[in-house]
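Structure at a glance
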Amino acid sequence: MDLHGKVAVVTGSGRGLGLAYAQALAAAGAAVVVNDVEQTAVDSAVGAIRAHGGAATGVVAAVGSGEAAQRLVDTAVEEFGRLDVLVTNAGILRDRVLWKMTDDDFDAVVRVHLRGTFTCARAAAVRMREQGTGGRLVLISSPAGQRGNFGQTNYAAAKAGIVAMARTWALELGRAGITVNAVVPVAATEMTKTIPAFAPVIEESERTGTPLPGWLRKDEGLGTVEDVAGLITFLASDAAKDVTGQAIGIGGDRLALWAHPKEKAVAFAEGGWSAEAIAAQWSHGVGAEPETCGIPAPKAPEA
């Protein structure tokens with residue numbers, strides 16, 4: 001995949017998934033603006049990209065504000081002359097069950113994930129429209145945003161909102177040749193190591209240096225951060241010029257297209273539905289096969 005001549009901004013790219021995205025884009029030929037909240041992380045990431053012959057510069061900033069978003073776009077233009085790709089990866093966690101989650105817990109996560117995606121995408125879209133040559137917005141979501149996850153009211157809500165924004169912006173920006181897609185990644189990171197079901201397997205792999213087991217890579221779609229990066233490069237490329245408005249999952253050996261939410265079961269009553277009528281038909285009608293909630297726990301094959 002050839003991205004020479006393209007310029008990308010990747011938020012939250014000092015480490016983890018974001019760093020893998022930035023490195024993959026640079027390896028394909030794109031010039032990259034690295035972003036993180038820590039100077040050392042930015043310097044390390046920029047240095048690693050340049051050491052492999054890539055073009056990169058860095059911006060230390062916490063995404064969320066319009067000012068930070070504009071600074072990222074301006075840096076891309078000042079350093080490399082244009083902006084073609086935005087990957088909104090920056091994020092934080094403040095996990096709490098509902099009755100223990102504070103206003104600050106909620107607001108902090110929504111500010112970085114949801115508002116940060118909005119402000120960065122807005123600034124990027126303005127620049128891309130001015131350039132008149134199209135562009136790519138790649139918004140990072142999560143399985144938690146698709147299914148919910150215990151203790152993650154703030155994170156799940158933000159990630160669900162990101163998919164909704166991708167669908168909306170795909171409609172609004174299509175005439176300008178700007179594609180917008182949401183990526184739903186699963187990878188072994190510091191975040192996934194907090195999930196009890198995944199932690200022992202990831203820690204054993206890191207301790208021994210052995211690859212993650214095949215059942216985890218295939219059945220659960222959990223692999224390395226590098227396994228996710230190929231999708232980002234594809235979506236940034238001309239090969240994906242007709243792919244827009246999609247939520248695409250990737251991890252380990254698994255690539256998936258998430259469906260739109262849709263009506264699963266429908267019933268009709270002449271004149272409308274009373275509470276009593278709904279109760280009388282629910283368990284054997286519309287509600288006969290209720291949907292599940294949450295991310296299913298991984299199941300290792302029996303020995």
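Notes on the structure follow. (Residues numbered from 1 in each chain as written. Predicted model: local features only at pLDDT ≥ 70, side-chain atom pairs only at ≥ 80, totals over all residues. Heavy atoms only, no water.)

Our next topic: the overall build of the protein chain. Looking only at helices and strands, the protein chain has ten helices and eight strands in total. A globule of 303 residues ought to have a C-alpha radius of gyration of about 19 Å, and the protein chain, at 21 Å, matches this closely. If one aligns the C-alpha atoms of the protein chain with their principal axes, the spans along those axes are about 65 × 50 × 40 Å. Looking at the 303 residues of the protein chain, the share that counts as buried comes to 48%. Partitioning the contacts of the protein chain with sequence separation of at least 6, the portion at a separation of at least 24 is 69%. Across the protein chain, 27 positive and 33 negative side-chain charges occur, with their mean positions spaced 3 Å apart. (Helix = DSSP H or I, 4+ residues; strand = E, 2+ residues; numbered from the N terminus. Rg over C-alpha atoms; globule rule 2.2 N^0.38 Å. Buried < 20%, exposed > 50% of the residue type's maximum accessible area, 1.4 Å probe, protein only. Contact = heavy atoms within 4.5 Å. Lys, Arg positive; Asp, Glu negative; His and termini not counted. Charge placed at Lys NZ, Arg CZ, Asp CG, Glu CD.)

Let's shift gears to a nonpolar patch on the surface. A surface patch of nonpolar side chains, amounting to about 310 Å² of accessible area, comprises Trp-273, Ile-278 and Trp-282. Tracing the chain through its elements places Trp-282 in the segment after α10 (275-281). The partly exposed category is assigned to Trp-282, whose relative accessible area is 46%. (Patch = residues over 30% accessible without salt bridge, like charges linked within 9 Å, V, L, I, M, F, W, Y side chains within 5 Å. Areas by Shrake-Rupley, 256 points an atom, 1.4 Å probe, with all protein chains shown as cover. Salt bridge = Lys/Arg side-chain N within 4 Å of Asp/Glu carboxyl O.)

Side chains of strand β1 (residues 7-10) alternate between two faces, with Val-7 and Val-9 and Ala-8 and Val-10 buried alike. At this point the chain moves from β1, through helix α1 (residues 16-27), to the parallel strand β2 (residues 31-36), and the crossover so formed is right-handed. By the bridge criterion, three bridges tie β1 to strand β4 (residues 85-88) in an arrangement that is parallel. Bridged to Val-10 within β4 is Val-87. (Right-handed = clockwise from strand over helix to strand, strands pointing away. Pairing = 2+ DSSP bridges.)

On to helix α7 (residues 199-208), then. Of all the residues in α7, the buried ones are Ala-199, Ile-202 and Ser-205. Down the axis of α7, the buried set is contained in an arc of 135°. They therefore lie on one face. Seen from the buried face of α7, the exposed residues on the opposite side, beyond 90 degrees, are Pro-200 and Arg-207. Where α7 terminates, the next one or two residues include Gly-209, which has phi positive at roughly 80°. (Arc of directions from axis to C-beta.)

That is the geometry; function is a separate question.
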